[in-house]
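# Overview (structure and organization)
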Amino acid sequence: MGNKQTIFTQEQLDAYQDCTFFTRKEILRLFYRYRDLAPQLVPLDYTDKPAVTLPYELIASMPELKDNPFRQRIAEVFSEHGDGNMTLDNFLDMFSVLSEMAPRDLKAYYAFKIYDFNNDDYICKSDLEKTVNKLTRNELTPEEVSLVCEKVIYEADVDNDGKLSLEDFQHMIIRAPDFLSTFHIRI
Amino acid sequence: MSQPPSITLHVPEGTESDGQEPSPDSERALHTSFHQLILEQSSLIEAGLELEMKERDRESPACLAPPDACAAAWPEPGQGEQCPGYSSASLQILASMPSRTIGRSLGAIISQYCNRTARLRRRSSRPPLQQLCRAARPSLRQYDLDTDPARATLEDKWSLLVKELLSLSPYQRSQMLLTLPISLAEKRTLRRQVNRQRGLLRQHAQHWAPSSPCGWSIVYVGLGCRGLWYRLLSLLRTAQPWHYTLKQISGRFGSSVLSYFLFLKTLLMFNFFSFLILLAFVVALQAVYPPPSASPPPFTGLELLTGAGYFTHSLLYYGYYSNVTLNDPCTPGSKGSACPPAAPPFPYNMPLAYLFSVGVSFLVTCILLVYCVSCSFRESVGSSLGDLAAKVFCAWDFKVIQRRSVKLQCENFCTQLKELLAEQRSRSHSQSLCQRLRHCIVVLLAWTLALGSVLGCTLAVHHLSKHMHVVQQEQRAQGSGRWQQEAILLVLPLVVSLLNALMPHLYNLLAMWEKQDSPVTQVYVAICRNLILKMVVLSLLCFQWLSRSVVCSTEECWETCVGQDLYRFVVMDFIFTLLDTLFGELVWRLILEKRLRQRPEFDIARNVLELIYGQTLTWLGILFAPLLPAVQMLKLLLLFYIKKTSLMRNCQSPSKPWQASHMSTIFITLLCFPFFLGATIFLSYTIWSVQPSETCGPFRGLETIYKSGKSWVLVLQKSNPNITWFAWVHQHLVENTFLLFFTSGALLAVIYFYIQVVRGQQRVICLLREQIAKEGEDKIFLMQKLHSVYEQRERRA
């Protein structure tokens, strides 16, 4: 306990506490987790805001993400330039959204971006097929995958344009109470 | 609210014969008028589109698909009516529609949140229907059309957002900042700008306000409070025990098994608060001023099981507590010396303290329970039974991180999808009459068996307790040893725990034989039967304890006897849970691994119901054994580690779908409604109507326990005539039954009102869904018309 840390200024820590769902201790713990991925790249002093970015391969080697089928999309969505390489801010943001304190709308927004593989702001049939294949590790036949995707679009598409927009997705999430507990990574 | 651009219709003359109004059937005339408008707007759109494209290229060249690639991202023409080969111009317009740019363009997100904060600021109880807006969908009412030449730049929108945030209260501002879906770096910039503006505003305000130490101290107190609040929050979060253990469990087994351990933690919290209240106000003080009593018999190990012997005259039970005012030298039973004229230093009325502590601990438990129920209900509203879309997007548990468990989860998911597809295919074949009849008969038979077994168990327990009582009398008459007498006491709890442990397995088998339609219904039915058994057995036992016709009928201090009985039940429950873990998980795993090469699964529903049953026993016994919450806390702590070890060694991840938040809500509601309510009724009846024993406890000699409170009010009235109003309030409001009926009636009316409001809102939701579907059709229609306009232009060019 105590304020003896020298990694961040007090103002930086306050800003992190205000902008993420984490407390001071959790932020410091997350910083040490970030640093453990590459101790030689990440300095112990962030008071002068160094521009350090860790490559995607290191992020994807974390035990929490290593076996997740969507780890690449998660890293891309939260990274600075959409390529999977993350700064400390991106790292904190990612785990803040995936923590249990984040509200449903915020999680739904980012979940939508994760499942939108081609970044066209719609989850179309090809996005869905990729999602289902990742979830089942290509165990289903292409006809079954196609059938599942058609049924999903039929169920969730409210404005009948053949794709899921953000509001279709959010509308569907409201009907699924498990979303908050499954879209959650403990760190 | 922005006004849509004014449209002037130029109906060209001469297209129809004179004197005839152009009717809606004459399409060409109407379309020519729109043609002009579309031409005007499309030129503006293209100009705006170039600007937007430049912005987008600046933002993120790598991940954004340029509009030309949109054509590639579309499925091939002819594959659906949705996009029949639009021209690239139409596709460019499509790409710049507001609903498409919401997810990508920062400006659109900021506009949306500006409107949200503006609405928060002038919020009335419910927003009017006309301004109702679904989460991110912009409607024409709230946004400037992209064709508006005076469109705000990104910087303008940003400063507008800062201004709107400043006008909110600090709590709303912090919530809005947290929920904004922009990156952390941008949030920090926003926060910095808001704080800077706030500092400027404060400086401005301070020019006018007199610089007083009061104002400054308020500012510093505010800052100090904020720091204190953050520190308290972090303390609360770090005080969360078992963070790493829970992460291990959820990493291997997922959210479903985790919900059992979280439920255990919740029960621990309830017991902790009850224990704290009773310790502070009852137990500790009685320990400091022990009543005169005979020397207790020597301690043997058997007391831990039976709760009798050494423990009978100890702090553990009701009989130990004195009925006098502690620390008062003027008590009638004191050493007989004269009363000193000075007032006693700190008199403590023990009976009153006992009654109020028990009441307050129940009240605190009630508040905490209702809060937990409302929290989990809010999160779990909605049903996803058989909803394929919800399954695809929400069934993957991100908490599972172990490789083998992830692989298993993939396989389970695959199986579930195949089952859902097969189910949807077979739903088209309805069952024949014969099959339905057979299914009905099977269900009826299963229910008859279940209810019959419940009845059988109840009768068995009833006859056993009578028989045990007779045996006990004989033993006492014969004067047999203490060991035998105490062993007899253990038989009834043993048999009840045995029944509670074995019958659920029978119900599971019954449920498997019944073959319900969905596995979720199977779980519900098994829970229901288990619940009925436990409720009926507990009601029988409560009736026996209160009527004292069989149990504790010959004891002088019957409350201590009942407390001991409950202690024995709690301990036996713990022992049988251990045995169940040993045989149900360890031995079963050895058998299954040899035969089927697989491990047993953790039966979540059965284990949670056992926890609920144990907690109900504690609640029933608080009045008779004030230290019972401490015993329960110890039991739960041991249970956590034992269950966790057994889980890690013997069980495999669950293969059936389990809606974790839905089931958690059901369990906490079950804890609240039949069980806590039953315990409260039991407690109320004991306090209001049962005569306490004459020779022991804090309420000896009174008619009922409640009379001690009443006599205290009378004493208050006599001692200080200024507070007769308190006695009047007590007599006319608390004891008046009419008020109780009136309050219940008012409560029912409020509940009915809210039910009607919810129904009305559901109808509104249906209407809005239809409206959204219609607007989608409108969009397709307009796109097709636009496309035809462009085609005509191209053909002409």
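As the structure is a prediction and not an experimental result, all values here were calculated from the model.

## What about the overall build of chain B?
Scanning chain B from N- to C-terminus turns up 26 helices and 2 strands. Across the 797 residues in chain B, those meeting the buried criterion constitute 41%. Summarising the internal contacts of chain B: among those between residues at least 6 apart in sequence, 77% fall at separations of at least 24. Summed over its atoms, the accessible surface of chain B is roughly 44,800 Å², and 64% of this surface lies on carbon and sulfur atoms.

## Some remarks on the overall build of chain A
Regarding its fold elements, chain A presents 10 helices and 0 strands. Reading the helices (α) and strands (β) of chain A from amino to carboxyl end gives α-α-α-α-α-α-α-α-α-α. Each of the 187 residues in chain A was classed as buried or not, and the buried ones make up 63%. Split by element, the accessible area of chain A, about 7,000 Å² in all, is 51% carbon and sulfur. Side-chain charges of chain A comprise 21 positive and 33 negative groups, with the mean position of each set lying 7 Å from the other.

## Let's talk about helix α24 (residues 706-719) of chain B
Residue and element names in this part refer to chain B. Taking 1.5 Å per residue as the helical rise, α24 with its 14 residues ought to reach 20 Å, and the 20 Å between its terminal C-alpha atoms agrees with that figure. Turning to α24, its buried residues number three or more, namely Tyr 706, Ser 708, Gly 709 and Val 713. In a view along the axis of α24, the buried residues occupy a sector of 165°, so they form one face of it. For α24, exposure combined with an orientation more than 90 degrees from the buried face picks out Lys 718 and Ser 719.

## A few points about the state of the cysteines
Residues and elements named next belong to chain B. What the rule picks out here adds up to 1 disulfide over all chains. Paired through a disulfide, Cys 557 and Cys 696 show a sulfur-sulfur distance of 1.7 Å. One quick way to see it: the torsion about the S-S bond of Cys 557 and Cys 696 is about 95°, and its sign makes the bridge right-handed. Of the two residues, Cys 557 is situated in the loop between α19 (519-547) and α20 (558-595) and Cys 696 in the loop between α23 (660-689) and α24; the sequence distance between them amounts to 139 residues. Considered together, Cys 557 and Cys 696 belong to a single accessibility category, that of buried residues. We note that Cys 366 lacks a disulfide partner, and the nearest cysteine sulfur, in Cys 672, lies 6.3 Å from it.

## A look at the domain arrangement of chain A
All names here are of chain A. With domains assigned, chain A is organised as domain 1 (8-96) and domain 2 (103-181). For domain 1 versus domain 2, the separation of C-alpha centres amounts to 27 Å. Listed per partner, the contact involves 8 residues of domain 1 and 12 residues of domain 2. Note on domain 1 versus domain 2: buried area summed over both sides is about 910 Å², and carbon and sulfur give 75% of it. The largest contributions to the domain 1 side of the interface with domain 2 come from Phe 70, Arg 73 and Val 77, which together make up 62% of the buried area. Linking domain 1 with domain 2 are 0 salt bridges, by the criterion used here. For the pair domain 1 and domain 2, the interface holds 3 residue pairs in polar contact (both at pLDDT 80 or more).

## Observations regarding the UniProt feature "transmembrane region" (unreviewed entry) in chain B
All names here are of chain B. With numbering matched to this structure, UniProt assigns "transmembrane region" (unreviewed entry) to residues 257-289, 352-373, 440-461, 487-511, 523-546, 617-642, 663-688 and 738-755. Helix makes up 100% of residues 440-461 and strand makes up 0%, while its end C-alpha atoms are separated by 32 Å. Span residues 617-642 is 77% helix and 0% strand, its end C-alpha atoms 21 Å apart.

## Description of the packing of helix α21 (residues 604-621) of chain B against α23(B)
All names here are of chain B. For the pair α21 and α23, the least separation of the axes is 10 Å and the interaxial angle reads 25°. Taken together, the axes of α21 and α23 are roughly parallel relative to one another. The interaxial crossing formed by α21 with α23 has right-handed handedness. Residues Ala 605, Val 608, Leu 609, Ile 612, Gln 615, Thr 616, Trp 619 and Leu 620 of α21 touch α23, and the partners they reach there are Phe 667, Leu 670, Leu 671, Phe 675, Phe 676, Ala 679 and Phe 682. Of the residues assigned to the contact of α21 with α23, the class counts are 13 nonpolar, 2 polar and no charged.

## With respect to the interface of chain B and chain A
On the side of chain A, 85 residues touch chain B, which itself brings 86 residues to the contact. The contact between chain B and chain A buries some 7,800 Å² in all, and 58% of this surface belongs to carbon and sulfur atoms. Taken together, chain B and chain A are joined by 5 salt bridges. Here A:Asp18 and B:Arg191 are joined by a salt bridge, their closest N and O atoms 2.7 Å apart. Inspection of the region where chain B meets chain A yields 14 residue pairs in polar contact (both at pLDDT 80 or more). Here the side of chain B that touches chain A gets 11 residues from one element, more than from any other, and that element is helix α15 (residues 403-426) of chain B.

## Observations regarding the domain arrangement of chain B
Examined at the domain level, chain B breaks down into domain 1 (157-200) and domain 2 (736-796). For domain 1 of chain B versus domain 2 of chain B, the distance between C-alpha centres works out to 31 Å.

## Looking at the UniProt feature "domain: TMC" (unreviewed entry) in chain B
Taken from the UniProt record, the annotation "domain: TMC" (unreviewed entry) applies to residues 557-661 of chain B. Helix makes up 77% of residues 557-661 of chain B and strand makes up 0%, while its end C-alpha atoms are separated by 46 Å.

## Quick notes on the environment of B:Leu566
Within the fold, B:Leu566 resides in helix α20. Leave out the neighbours within four places in its chain, and B:Leu566 touches B:Trp545, B:Leu617, B:Leu620, B:Gly621, B:Phe624 and B:Leu628.

## What about helix α16 (residues 433-478) of chain B?
For the α-helix, the turn length of 3.6 residues means that residues three or four positions removed from each other point alike. Taking 1.5 Å of rise per residue, 46 residues should cover 68 Å, and α16(B) covers 67 Å from first to last C-alpha, within 8% of that figure. Taken from the residues just after α16(B), B:Gly479 is the one with a positive phi, measuring 75°.

## Remarks on the pattern of salt bridges
For the coordinates displayed, the defined rule picks out 19 salt bridges over all chains. Here B:Lys247 ties to A:Glu64 by a salt bridge, and the two come within 2.5 Å at their closest N and O atoms. With B:Lys247 in helix α10 (residues 243-253) and A:Glu64 in the loop between α3 (56-59) and α4 (71-78), this residue pair bridges two chains. With respect to class, B:Lys247 is no different from A:Glu64; both count as buried. Here B:Arg568 makes a salt bridge to B:Asp565, at a shortest N to O gap of 3.4 Å. Highlighted residues: B:Arg568 and B:Asp565, both in helix α20, separated by 3 residues, approximately one helical turn. On the accessibility criterion, B:Asp565 (6% relative accessible area) is buried. One connected set of salt bridges, linked through shared partners, spans B:Asp580, B:Asp603, B:Arg606 and B:Glu610.

## Notes on the UniProt feature "domain: EF-hand" (unreviewed entry) in chain A
All names here are of chain A. Feature annotation in UniProt assigns "domain: EF-hand" (unreviewed entry) to the following positions: residues 103-138 and 144-179. Helix makes up 67% of residues 103-138 and strand makes up 0%, while its end C-alpha atoms are separated by 32 Å. End-to-end, the C-alpha atoms of residues 144-179 are 24 Å apart, and along that stretch the chain is 64% helix and 0% strand.

## So, the nonpolar core
Soluble, globular proteins show a tendency: their nonpolar side chains are buried together. The biggest cluster of nonpolar side chains holds 111 residues, and the ones touching the most others in it are B:Tyr260 and B:Phe263. Among the elements that take part in this core, helix α11 (residues 255-288) of chain B stands out by supplying 13 residues, more than any other. Residue contacts for B:Phe263: discarding those within four places in its chain leaves B:Val608, B:Leu611, B:Ile612, B:Phe667, B:Ile668 and B:Leu671. Residues A:Leu166, B:Cys114, B:Leu166 and B:Val400 belong to the second largest nonpolar core, which totals 100 residues.

## Points about the environment of B:Pro674
Residues and elements named next belong to chain B. Mapping Pro 674 onto the fold places it in helix α23. Take Pro 674: its relative accessible area is 27%, and that puts it in the partly exposed class. Separated by 143 residues in sequence, Pro 674 and Leu 531 place their C-alpha atoms 9.3 Å apart. For Pro 674, the residues in contact, after removing those within four places along its chain, are Met 535 and Thr 669.

## Some thoughts on the packing of aromatic side chains
According to the stated counting rule, one finds 39 aromatic pairs over all chains in the structure shown. Plain terms: the ring middles of B:Trp242 and B:Phe640 are 3.9 Å apart, the flat faces sit at 10° to each other, and that makes the pair stacked. In this pair, B:Trp242 sits in the loop between α9 (213-238) and α10 while B:Phe640 sits in helix α22 (residues 628-650), placing the two residues 398 residues apart along the sequence. Like B:Phe640, B:Trp242 is buried. Grouping aromatic residues by their ring pairs yields a cluster made of A:Phe70, A:Phe112, A:Tyr115, A:Phe169, A:Phe179, A:Phe183, B:Phe393 and B:Phe398. The aromatic ring of A:Phe117 is capped on one face by A:Arg73, whose charged end is 5.8 Å from the ring centroid. The ring of A:Tyr122 is capped by A:Lys163, whose NZ or CZ atom sits 5.9 Å from the centre of that ring.

The rules behind these values
Residues numbered from 1 in each chain as written. Chains lettered and ligands numbered in written order. Predicted model: local features only at pLDDT ≥ 70, side-chain atom pairs only at ≥ 80, totals over all residues. Heavy atoms only, no water. Helix = DSSP H or I, 4+ residues; strand = E, 2+ residues; numbered from the N terminus. Buried < 20%, exposed > 50% of the residue type's maximum accessible area, 1.4 Å probe, protein only. Contact = heavy atoms within 4.5 Å. Areas by Shrake-Rupley, 256 points an atom, 1.4 Å probe, with all protein chains shown as cover. Lys, Arg positive; Asp, Glu negative; His and termini not counted. Charge placed at Lys NZ, Arg CZ, Asp CG, Glu CD. Expected span 1.5 Å × (residues − 1). Arc of directions from axis to C-beta. Disulfide = S-S within 2.5 Å. Domains from an automatic or database assignment. Buried area = accessible area lost by both parts, 1.4 Å probe. Salt bridge = Lys/Arg side-chain N within 4 Å of Asp/Glu carboxyl O. Polar contact = N/O pair within 3.5 Å; in protein donor to acceptor, adjacent residues only side chain to side chain. UniProt positions renumbered as here; feature names shortened; annotations may be inferred. Axes fitted to C-alpha atoms, helices over the stretch in contact; angles between N-to-C directions. Parallel < 35°, antiparallel > 145°, perpendicular 65-115°, else oblique. Left-handed = near helix turned anticlockwise from the far one by under 90°. Nonpolar A, V, L, I, M, F, W, Y, C, P; charged D, E, K, R; others polar. Core = buried A, V, L, I, M, F, W, Y, C linked by side-chain atoms within 4.5 Å. Phe/Tyr/Trp six-rings, centres within 6.5 Å; stacked < 30°, edge-to-face > 60°. Lys NZ or Arg CZ within 6 Å of the ring centre and 35° of its normal.

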